[in-house]
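Structure at a glance
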Amino acid sequence: MSVKVADHILERLRAWGVEQVFGYPGDGINGLLAAWGRAENQPRFVQSRHEEMSAFEAVGYAKFGRRLGVCVATSGPGAVHLLNGLYDAKLDHVPVLAIVGQTHRSAMGGSYMQEVDLHTLFKDVASDFVETVTVPEQLPNVIDRAIRTAYARRCPTAVIVPGDVQELDYSPPPHAFKMVPSSLDRSAWTAMPSPTALERAAEVLNSGDKAAILIGQGAAGARAEVEEIAELLGAGVAKALLGKDALSDELPYVTGAIGLLGTRPSYELMRDCDTLLTIGSNFPYTQFMPEFGTARGVQIDIDPHMIGMRYPYEVNLVGDARATLRELIPLIDESRRKTGREWYDEICANVTRWQGVLDRRAALTADPVNPEYVARTLDPLLPGNAILTCDSGSVANWYARHLTIRGDMRASLSGTLATMGCGVPYAIGAKFAHPNRPVVALVGDGAMQMNGMAELITAAKYRHLWDDPRLVVGIWNNQDLNQVTWEMRAMEGAPSFLPSQQLPDVPYAEFARSIGLTGILVERTEDVEAAWRAGLDAEGPAVLEFRTDPAVPPIPPHATWEQMESTAASILKGDADRASMVKQGLKAKVQEFLPGAGRKGEGRR
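Residues numbered from 1 in each chain as written. Predicted model: local features only at pLDDT ≥ 70, side-chain atom pairs only at ≥ 80, totals over all residues. Heavy atoms only, no water.

Residue position: serine 248 is located in the loop between strand E8 (236-239) and strand E9 (254-257). With 25 residues separating them in the primary sequence, serine 248 and arginine 223 have C-alpha atoms 8.5 Å apart. In contact with serine 248, other than residues within four places in its own chain, are Arg223, Val254, Ile405 and Arg406. A polar contact of 3.0 Å, which involves the side chain of serine 248, links it to the backbone nitrogen of glutamate 250. Polar side-chain contacts of serine 248 include one of 3.4 Å to the backbone oxygen of isoleucine 405. (Helix = DSSP H or I, 4+ residues; strand = E, 2+ residues; numbered from the N terminus. Contact = heavy atoms within 4.5 Å. Polar contact = N/O pair within 3.5 Å; in protein donor to acceptor, adjacent residues only side chain to side chain.)

Shown next, in the form of structure tokens:
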């Protein structure tokens, strides 16, 4: 039997080490599906419930597997559905390849069924590489360039294959004019700044007395080096949300998340420092960084296109974080380890105080369950090798503040797009990347109704493939689109607009049980810990539905320590004077730092 174009595409994916492809079938990719049958499902076709979920699963797989994610969709609506997940990959700098079907070449331009101008559709989201295969000889170059570009640029790419092309006999490009051969190799490389730039950066860092470090996901491969330079400088380390797992939260000088979902110690660290070192982050909210003119700054980032645009840094070091820090650390004055430690001691004391605040806030009563308590209770129960995913919404506040990264734990969310509905498909992608590790997804009821419930079916379908079958989905069920509700109150001074904010009550735990998963409903505070333990001990995916109070506010980090201690759990329940005071205080605090802010996209890189 002759080798078809579709057969060769799968063969090339296998040659690149691709083991999973997340997708949904359709007649625009019938040729590929037939090739999968001939290839005995290698690489494995993972069937989602919707193409958007396929893209999110590919993003989750790429984020946690630190390798290429691949998704596939049919022509027309299938291609359109991929967009949200691909934009999530683009904005969070994740390598993902989308392979998309198209109508037959003979019908293109004829307003045929499911014909969409896919180059126009993908020209922004896959701007680094999008190409249509029209003849077999374009392969393998098109596939190779798409994969190599996705890795090199940390971005989504797209390859479009018309249905009739998939069925053509494959013939490689000959050694001839206007033929483009290709090769598989993708050798490792390291970007490094110049020695002069490193010396200038060291001069800035050595000059200060109160150093702060801000890290993002670009620092993930430089954990030991970040620790060393932080201890040399006597610095505190704040983290953008996408950098949550880049450094252990058990280190006494790690202040936690920065930004509107961040911590009071991180806010004070940035407010009071005189030197700022940013590593692998493009956190965009400069109002949470030092006032201009108060701190000298150095940035390290591998992408020269993205560097130097969030703060007036004196030195911008373009290079790999680990390699750059290894060259920079010997230039830091060693005497700093033993002098001027008051700043360091203050940072550590603030971190300790903050943990006490979180304990007290989580212990406050609420109706029926305090959402902070749900996250706070989970934290010490998490295995040291757990993978955490989080959806967008008020649950991201509790994820950012209450969950402690330790050991080999990994964690991520939709940082820059801040899209809803990614938590469960991210978790499924993570399970395929690490089938031997437990995964926990933190999801609000809005995101669960948007995407998560259907994707529980995917978890049920593939649970038998995972060596460690644990996939725990914790749902904060408050029957409210809570983050936007609080933004309306804080920024607009408006009460909740029920027609837009109120959600129907859905029996999530009961639904989970109906498809063969563990499902537990929690309506009392005293049952929270037992539910988490049961979920983490379950022999397969588990859904834990927590009935939480929508009136517990995500107090912004620039509130005072005293305000951080308080809760608004009762402000909508009869205490009108206190309600007005807390709402106006929240509004003033948020507007002071976020004039004109809209829907947040909090956890940037």
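Turning to the packing of helix H10 (residues 223-233) against helix H12 (residues 321-328), a few remarks are in order. It is the contact of H10 with H12, at a shortest axis distance of 9 Å, that shows an interaxial angle of 35 degrees. In the crossing of H10 with H12, the sense of the turn from one axis to the other is left-handed. Taking contact as the criterion, the partners of Glu225, Val226 and Ile229 in H10 are, on H12, Arg322, Leu325, Arg326 and Leu328. Considering only residue class, the contact of H10 with H12 consists of 4 nonpolar, no polar and 3 charged. (Axes fitted to C-alpha atoms, helices over the stretch in contact; angles between N-to-C directions. Left-handed = near helix turned anticlockwise from the far one by under 90°. Nonpolar A, V, L, I, M, F, W, Y, C, P; charged D, E, K, R; others polar.)

Turning to its location among the elements, alanine 257 is positioned in strand E9. Residues alanine 257 and isoleucine 215 lie 42 residues apart in sequence; the distance between their C-alpha atoms is 9.7 Å. With residues up to four places along the chain from it excluded, the contact list for alanine 257 reads Lys239, Leu241, Gly262, Thr263, Ser266 and Ala400.

Moving on to the layout of surface pockets. Taken as a whole, the largest pocket encloses approximately 1200 Å³ of empty space. In this structure, the largest pocket is lined by 40 residues; those nearest its centre are Tyr151, Arg154, Gln217, Ile302 and Asp320. Where the lining of the largest pocket is concerned, the elements lending two or more residues are helix H3 (51-65), helix H7 (141-153), strand E11 (296-301), H12 and strand E14 (410-413). Take the lining of the largest pocket: its biggest share by element is 4 residues, from H7. (1 Å grid on protein atoms, 1.4 Å probe; cavity = no way out; pocket = protein on both sides within 12 Å on 5 of 7 lines; lining within 4 Å. Points joined across faces, edges and corners; volume = space filled by probe spheres on them.)

Let's shift gears to the packing of aromatic side chains. Considering all chains together, one arrives at 14 aromatic pairs under this definition. Ring centres of phenylalanine 22 and phenylalanine 432 lie 5.8 Å apart, and the angle between their planes is 75 degrees; this geometry places the pair in the edge-to-face category. Here phenylalanine 22 is found in strand E1 (residues 20-23), whereas its partner phenylalanine 432 is found in helix H16 (residues 423-433), with 410 residues between them in sequence. Arranged with centres 6.1 Å apart and planes meeting at 50 degrees, the rings of tryptophan 476 and phenylalanine 546 form a pair that is tilted. Taken together, the residues span a long stretch of sequence, with tryptophan 476 in strand E16 (residues 471-477) and phenylalanine 546 in strand E18 (residues 542-547) at a distance of 70 residues. (Phe/Tyr/Trp six-rings, centres within 6.5 Å; stacked < 30°, edge-to-face > 60°.)

This next bit is on the environment of tyrosine 462. Looking at the secondary structure, you find tyrosine 462 in helix H17 (residues 445-462). Residue class for tyrosine 462 comes out buried when judged on its relative accessible area of 7%. In this structure, the C-alpha to C-alpha distance between tyrosine 462 and threonine 548, residues 86 residues apart in sequence, is 30 Å. Aside from chain neighbours lying at most four places away, what touches tyrosine 462 is Phe45, Val46, Gln47 and Phe432. (Buried < 20%, exposed > 50% of the residue type's maximum accessible area, 1.4 Å probe, protein only.)

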